[in-house]
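Architecture at a glance
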Amino acid sequence: MRIDVLTVLPGLFDCFLKEGVIGKAISSGKVEVKVHNIRDFTTDKHRVVDDVPYGGGPGMVLKPEPIFRAYDELTKEGEKPYVLLTEPWGEKFNQEMAVELSKKPRLMIICGRYEGVDERVKSLVDREVSIGDYVLTGGELPAMVIMDAVLRLIPGVLGNLESLRADSFSDRGLLGYPNYTRPAEFRGMKVPEVLLSGHHKKIESWRKEQSLRKTLERRPEIIENLKRKGLLTKEELE
Ligand SMILES: Nc1cc(-c2cccs2)n[nH]1
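Residues numbered from 1 in each chain as written. Predicted model: local features only at pLDDT ≥ 70, side-chain atom pairs only at ≥ 80, totals over all residues. Heavy atoms only, no water.

Description of the nonpolar core
Counting 31 residues, the largest nonpolar core has Ile3, Phe93, Leu101, Met147 and Leu151 as its most contacted members. Those elements that provide at least two residues to this core are β1 (2-7), α1 (14-18), α2 (20-27), β5 (82-92), α4 (95-102), β6 (106-111) and α5 (140-151). Per-element tally for this core: the top contributor is α5, with 7 residues. In contact with Phe93, other than residues within four places in its own chain, are Ala98, Leu101, Val129, Ser130, Ile131, Val145, Ile146, Ala149 and Val150. Counting residues in hydrophobic clusters, the runner-up holds 18 residues, among them Val8, Ile38, Leu85 and Leu124. (Core = buried A, V, L, I, M, F, W, Y, C linked by side-chain atoms within 4.5 Å. Buried < 20%, exposed > 50% of the residue type's maximum accessible area, 1.4 Å probe, protein only. Helix = DSSP H or I, 4+ residues; strand = E, 2+ residues; numbered from the N terminus. Contact = heavy atoms within 4.5 Å.)

Written out as structure tokens, the structure reads:
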């Protein structure tokens, strides 16, 4: 997968693209992420990327020209990207959308800023995406959240075991099961016996039951949603 990011603050992505699972996925060539400074696509001496809003009002709006120039330049050759715009009021990002986006060969993420982007930019956009009902100073953190959730789903980016676990749980939006590691008892708190039993079938069904129970308690709407879609097996429904 290739992702092109358009932003006025490219420096915000430096650590994100170098460290951890994402950093390894890029350095190993499993995925390609290019961050572009919208300012590099201006043509005036002062490299202006924003302007005051027509009709008055507070703050600044990102101008359309530099963004369109960047889009034209970056889509001259190769597959047309699926274009996301990070917005406070976009479609709510979730695991289902992450799975869908992970199947696209190429993404472009336009990071909003200031009071937003010129409305005409949206003629380039396939999906306006929000990571939650709160307003940030810019769309760069949402872009990193989206890339993190999407890139971890690319085959080979995570270890096999981890991706297997993801398929059966988080990809249906179920909450995870409790995790423990050594010591078996810590300050009087013991690890559940079943996890020490080495009985893999029992461990698997305990984990599934824990995940369903936690989801039912904290996010009953996820269970209802899965029931409606027929995505819960007979034994999971019991
Ligand atoms: N979910 C979300 C996105 C945003 C912003 C995107 C661009 C500027 S602020 N805030 N919250």
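Considerations on the domain arrangement of the protein chain
Many analyses report the size of an interface as the accessible area lost when the parts associate. Here the protein chain is described as being made up of domain 1 (2-151) and domain 2 (161-237). For domain 1 versus domain 2, the distance between C-alpha centres works out to 35 Å. (Domains from an automatic or database assignment.)

Some remarks on the sheet that holds strand β7 (residues 127-130)
In spatial order, the strands read β2-β1-β6-β5-β7; together these 5 strands make up an open sheet with parallel pairing. The sheet terminates laterally at β2 (32-37) and β7, the two strands that pair on one side only. In this sheet, adjacent strand axes meet at a mean angle of 30° when their direction is disregarded. Contacting β5, β6 and β7, α4 crosses the sheet at an angle of about 170° to β5. (Pairing = 2+ DSSP bridges. Axes fitted to C-alpha atoms, helices over the stretch in contact; angles between N-to-C directions.)

Observations regarding the packing of α4 against α5
At a closest axis distance of 8 Å, the pairing of α4 and α5 adopts a crossing angle of 70°. Viewed along their axes, α4 and α5 adopt a mutual orientation that is roughly perpendicular. When you trace α4 past α5, the crossing you get is right-handed. Along the contact surface, α4 presents Ala98, Leu101 and Ser102, while α5 presents Ile146, Ala149 and Val150. (Parallel < 35°, antiparallel > 145°, perpendicular 65-115°, else oblique. Left-handed = near helix turned anticlockwise from the far one by under 90°.)

Quick look at the site of the ligand
Around the ligand there are 13 residues in total, and Ser130, Ile131, Gly132, Tyr134 and Leu136 lie nearest to it. A distance of 3.0 Å separates a nitrogen atom of the ligand from a polar backbone atom of Ile131. With respect to the ligand, the backbone of Tyr134 contributes an N or O atom lying 2.6 Å from a nitrogen atom. In isolation the ligand exposes 310 Å². Once the protein is present, 97% of that is buried. (Near = heavy atom within 4 Å. Polar contact = N/O pair within 3.5 Å; in protein donor to acceptor, adjacent residues only side chain to side chain. Areas by Shrake-Rupley, 256 points an atom, 1.4 Å probe, with all protein chains shown as cover.)

Re the packing of aromatic side chains
What the rule picks out here adds up to 0 aromatic pairs. The cationic tip of Lys104 hangs over the ring face of Tyr82; the distance from NZ or CZ to the ring centre is 4.1 Å. (Phe/Tyr/Trp six-rings, centres within 6.5 Å; stacked < 30°, edge-to-face > 60°. Lys NZ or Arg CZ within 6 Å of the ring centre and 35° of its normal.)

Some points on the pairing of β5
Pairing analysis gives 5 bridges linking β5 to β6, with the strands arranged parallel. Pairing of Tyr82 across the sheet is with Leu107, part of β6. Across 5 bridges, β5 lies against β7 in parallel orientation. By the bridge assignment, Glu91 is partnered in β7 with Val129.

Comments concerning the pattern of salt bridges
Per the counting criterion, the structure on display carries 21 salt bridges. Note that Glu73 is salt-bridged to Lys76, the shortest N-O span being 3.0 Å. Owing to a relative accessible area of 39%, Glu73 belongs among the partly exposed residues under this scheme. The exposed category is assigned to Lys76, whose relative accessible area is 62%. (Salt bridge = Lys/Arg side-chain N within 4 Å of Asp/Glu carboxyl O.)

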